[in-house]
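Coordinate inspection notes
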Amino acid sequence: MVFRSKPMALAILAFSQVAAMALWFSASAVVPALTAEFALGGFQQSLFTSAVQAGFVAGSIASAFLGLADRMDPRRLFTLAAVTGAAANAGLLVVDPGGPLAIVLRFITGMCMAGVYPVGMKMAAGWARGDMGLMVGLLVGALTLGSAAPHLFNAFGGIDWRFTLAASSLSAAAAGLAINLAALGPMVAAAPRFRPGFVLWAWKIRPVRLANFGYLGHMWELYAMWAWIGVFLQASFVASLPPAAEPAFWAKLATFAVIAAGAAGCLAGGLFADRLGRTTLTMLAMGVSGGCALVVGFLFGGDPVLLTLLCIVWGVAVVADSAQFSASIAELSNRFLVGTMLTTQVAAGFTLTLVTIHLMPFAVDWLGWRYAFMPLAIGPFLGVVAMARLRASPAAYRLAGGRR
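Glancing now at helix α1 (residues 6–21). The end-to-end C-alpha distance of α1, which contains 16 residues, comes to 22 Å, matching closely the 22 Å that a straight helix rising 1.5 Å per residue would cover. Of the residues making up α1, those classed as buried are A9, L10, I12, L13, A14, S16, Q17, A19, A20 and M21.

Moving on, we come to the nonpolar core. Considering soluble globular proteins, one finds that nonpolar side chains tend to be buried as a cluster. Core analysis: the biggest nonpolar cluster contains 89 residues, and I229, L233 and F373 have the highest contact counts within it. With 17 residues, helix α12 (residues 206–240) is the single largest residue contributor to this core. Those residues within four positions of L233 in sequence are excluded, and the remaining contacts are A251, A254, T255, V258, L307 and C311.

Bringing the environment of M1 into the picture now. With respect to the helices and strands, M1 occurs in the segment before α1. In sequence terms M1 and A182 are 181 residues apart; their C-alpha atoms lie 8.8 Å from each other. Setting aside its immediate chain neighbours within four residues, M1 contacts N180 and L181.

Between its first and last C-alpha atoms helix α6 (residues 74–90) spans 24 Å; for 17 residues at 1.5 Å apiece the expected length is 24 Å, and the two agree. When α6 is considered as a whole, its buried residues turn out to be P74, R75, L77, F78, T79, A81, A82, G85, A86, A88 and N89.

With that out of the way, let us pick up the confidence of the model for the chain. Per-residue confidence for the chain averages 83 on the pLDDT scale, and 87% of its residues sit at or above 70. Helix α5 (residues 68–71) is the least confidently modelled element of the chain, averaging 66 in pLDDT, while helix α15 (residues 304–320) averages 95, the highest of any element.

Reading the values: the criteria
- Residues numbered from 1 in each chain as written.
- Predicted model: local features only at pLDDT ≥ 70, side-chain atom pairs only at ≥ 80, totals over all residues.
- Heavy atoms only, no water.
- Helix = DSSP H or I, 4+ residues; strand = E, 2+ residues; numbered from the N terminus.
- Expected span 1.5 Å × (residues − 1).
- Buried < 20%, exposed > 50% of the residue type's maximum accessible area, 1.4 Å probe, protein only.
- Core = buried A, V, L, I, M, F, W, Y, C linked by side-chain atoms within 4.5 Å.
- Contact = heavy atoms within 4.5 Å.
- pLDDT = per-residue confidence, 0-100.

Printed below as a string of structure tokens:
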């Protein structure tokens, strides 16, 4: 049975995206437990997230070169990627989490996510009719909720990190089956093949370059925040709550709430951007998220409720603009270069995340938690500058039907 109505197809797509993307942060969510059991160092902790980022970049480029999304039914590609990723993630249950094989499995998981996230976005765009920002925002919101899910599994799985990994793998396998129940939208078409010779056009065409710089500023902050906010909250709750209050449990729930709140931010951001403009939304979101990065450390060790509320605001703002950079590139690029431009943007952005994810342990050691997140504000600040310059360009009227 295949559901052919737009609401049902999008509901199935969103569910599948949420369930499959749980693999992305499944191992990162259990880093505190793994560190306690296997004495992982800061570099090893960072690798559990950055290996996925590197795998995603490699998988995205390989998929584009091979034209997999064009040669295969996107639902079949999604299924293959989700099931393979689930198997790689489950492999962490039988290898030494502190060994190199664990990092290889995380890299493979990241490669598989390249067959889930962009493919799901293509399927969502197939249903778009004047609401591109909302459709893409729906999928990024699903990614956000899926990334938060392991923290919820972790909270209710007790101290056994194996529960989180097993639940995430089962979730992704279910997603691989469920996606086949959704029909493809009427606007689905073969995407342009990756064109290596045109990669530099992403930086030569000024409006596209500015949108990419805005995206890079956004990515400088996003994944480092997602990767380390759980460790930050747990350290803060342990410092402010007595052991009898179970600070680790509440920190895991708070981390889930912080990351999951971004899903609502993505949907609201899509609606806002389609109606009032993409540069307006991206500048507002980066301004708020950068401000949160500057002040959140001053609440470390303080009132857990107040800290959680501020982090939820940060969680909403840090990802509310994410989908709009992709939508901007699609609207600003020549039609036959959209596939190349989006691939270039994603590869550059996720490569940059490797830097900030690995800088965070040094920032914590050198600056302490009070100031460790402050360097992340550099990205949003520069991103606001880039998007403000784009807004002043005549090309900005090509965004969101003339709504800059």
